[in-house]
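Structural description and commentary
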Amino acid sequence: MDQPAPDSSHGALDDVRTRIANAAALAKRDPSEIELVAISKTQPSERVVPLIEAGHRVFGENRVQEAQGKWPELLERHADLSLHLVGQLQSNKAEDALALFDCIHSLDRPSLLKALAKAMDKAGRQVPCFVQVNIGGEDQKGGCAIADVPALLEQARGANVPLIGLMCVPPFGVEPAPFFALLAKIAADNGLEKLSMGMSGDYETAVMLGATHVRVGSALFGERR
Ligand SMILES: *Cc1c(COP(=O)(O)O)cnc(C)c1O
């Protein structure tokens, strides 16, 4: 929930929010259904604080270790922040991830599912997860193969891991819309409601195709160094 302090504004944040609202309107969607996850990887706290002060509350990181260095202090000052993990996760970091993150977008294999299930049991805390799908069938890319999605979902239900939807990063440099549409279809076929898709270059397209979570970094923070 956004609660901007009086006299707070952030040009890039306002622009991204407006674009999300416009894309939602074109698709006859309610913009409040769309969560903007501000991806702050590589950005120092000084770049993150202005967004928090402008009322933004949902952030994402792609590495556990980097997040451990940056976020505990910010979370102490702002208890209502929500932190999402959007990058690949090693099974031996599952406990660390659960201690810090409120949502995991990168569950992509049975071994990680097992590690997360165990860590959730131990912590007594269920953290919602997305299954990341290798939507373009790319060799080098993370994500569960499309053919393996139903089995992983089945296994998650058995392990009592809360799966809320599917996530993807489409192949670089080609039109992303067909991949977003395919992810939406796979989610619908499997009874999942949430779709984590769309980054700085393509989040408006993703919103028009049903994204419920867009992961936007450089459009909010500027280019990463
Ligand atoms: C870095 C990253 C983003 C944000 O990318 P931008 O192009 O800067 O918006 C989104 N999702 C994942 C998984 C990322 O690693």
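Okay, so let's go over this structure.

Parameters and conventions
Note on numbering: residues in each chain are counted from 1, in written sequence order. Only residues with pLDDT of at least 70 get local features here, since the model is predicted, and only at 80 or more are side-chain atom pairs given and counted; chain-wide, interface and lining totals rely on the full set of residues. Note that the side-chain values use all heavy atoms of the structure and ignore hydrogens as well as water. Runs of E in the DSSP output that reach at least two residues are strands. Runs of H or I that reach at least four are helices, and both are numbered from the N terminus. The patches described consist of residues with a relative accessible area above 30% and no salt bridge, like charges being joined within 9 Å and nonpolar side chains (Val, Leu, Ile, Met, Phe, Trp, Tyr) within 5 Å. To be clear on the numbers: accessible area is Shrake-Rupley with a 1.4 Å probe, and residue cover counts the displayed protein chains and nothing else. For this analysis, a salt bridge means a side-chain nitrogen from Lys or Arg found within 4 Å of a carboxyl oxygen belonging to Asp or Glu. To sort residues, take the accessible area from a 1.4 Å probe on protein chains only and compare it with the maximum for the residue type: under 20% means buried, over 50% means exposed, and anything in between is partly exposed. The criterion used for residue contact is that any of the two residues' heavy atoms lie within 4.5 Å. In these notes, residues near a molecule or strand are those with any non-hydrogen atom within 4 Å of it. N or O atoms within 3.5 Å of each other form a polar contact, as long as, within protein, one can give a hydrogen and the other can take it, and as long as residues adjacent in sequence are counted only when both atoms are side-chain atoms. Residues are grouped as follows: Ala, Val, Leu, Ile, Met, Phe, Trp, Tyr, Cys and Pro are nonpolar; Asp, Glu, Lys and Arg are charged; all remaining types, including Gly, are polar. The directions considered for the arc run from the helix axis to the C-beta atoms. Put simply, two rings from Phe, Tyr or Trp (the six-membered ring, in Trp's case) pair if the centres are within 6.5 Å, and we call them stacked under 30 degrees between planes, edge-to-face over 60, tilted for the rest. To estimate how far a helix should extend, the number of its residues minus one is multiplied by 1.5 Å.

Inspection of the secondary structure puts Lys 118 in helix 5 (residues 110–123). The spatial distance from the C-alpha of Lys 118 to the C-alpha of Ala 159 is 8.9 Å, given a sequence separation of 41 residues.

What follows concerns a nonpolar patch on the surface. Nonpolar side chains collect at one region of the surface, where Leu 26, Met 208 and Leu 209 lie side by side and expose about 280 Å² of accessible area between them. Inspection of the secondary structure assignment puts Leu 209 in the loop between helix 8 (203–208) and strand 8 (213–216). By relative accessible area, Leu 209 is classed as partly exposed at 31%.

Once that is clear, we can look at the environment of Ile 34. Looking at the secondary structure, you find Ile 34 in the loop between helix 1 (11–26) and strand 1 (35–39). Residue classification places Ile 34 among the buried positions, given a relative accessible area of 10%. For the pair Ile 34 and Ala 24, spaced 10 residues apart in sequence, the C-alpha to C-alpha distance is 8.5 Å. What Ile 34 contacts, discounting residues up to four positions off in sequence, is Ile 20, Ala 24, Arg 29, Val 207, Ala 211, Thr 212 and Val 214.

Moving on: the site of the ligand. Around the ligand, the neighbouring residues are Ile 39, Lys 41, Val 86, Met 167, Met 199, Ser 200, Arg 215, Val 216, Gly 217, Ser 218 and Arg 224. Within the side chain of Ser 200, an N or O atom sits 2.5 Å from an oxygen atom of the ligand. One of the side-chain N or O atoms of Arg 215 is found 2.9 Å from a nitrogen atom in the ligand. Protein chains bury 88% of the 390 Å² of accessible surface belonging to the ligand in isolation. A per-class count over the shell around the ligand returns five nonpolar, three polar and three charged.

Let's shift gears to the side chain of Gln 43. Secondary-structure assignment places Gln 43 in the loop between strand 1 and helix 2 (45–53). Overall, the relative accessible area of 3% leaves Gln 43 in the buried class. Not counting chain neighbours up to four residues away, the residues in contact with Gln 43 comprise Val 48, Glu 66, Lys 70, Phe 221, Gly 222, Glu 223, Arg 224 and Arg 225.

On to helix 6 (residues 149–159), then. If you check which residues of helix 6 are buried, you get Val 149, Leu 152, Leu 153 and Ala 156. Down the axis of helix 6, the buried set is contained in an arc of 100°. They therefore lie on one face. Projecting away from the buried face of helix 6 at angles above 90 degrees are the exposed residues Ala 151, Glu 154 and Gly 158. Looking at the buried residues of helix 6, the elements they touch are strand 4 (103–107), helix 5, strand 5 (129–133), strand 6 (163–168) and helix 7 (177–189).

A few words on the packing of aromatic side chains. Under the criterion given, the structure shown has one aromatic pair. Taking the centre distance of 5.1 Å and the plane angle of 45° together, the rings of Phe 59 and Trp 71 count as tilted. Highlighted residues: Phe 59 in strand 2 (residues 58–61) and Trp 71 in helix 3 (residues 64–77), separated in sequence by 12 residues. Of the two residues examined, Phe 59 and Trp 71, each falls in the buried class.

Moving on, we come to helix 5. With 14 residues, helix 5 should cover 20 Å at 1.5 Å per step; its first-to-last C-alpha distance of 20 Å lies within 8% of that length. Within helix 5, the full set of buried residues consists of Leu 112, Leu 113, Ala 115, Leu 116, Ala 117, Ala 119 and Met 120. Packing partners of the buried residues in helix 5 comprise helix 4 (94–100), strand 4, strand 5 and helix 6. In the stretch just after helix 5, Gly 124 is the one whose phi turns positive, near 60°.

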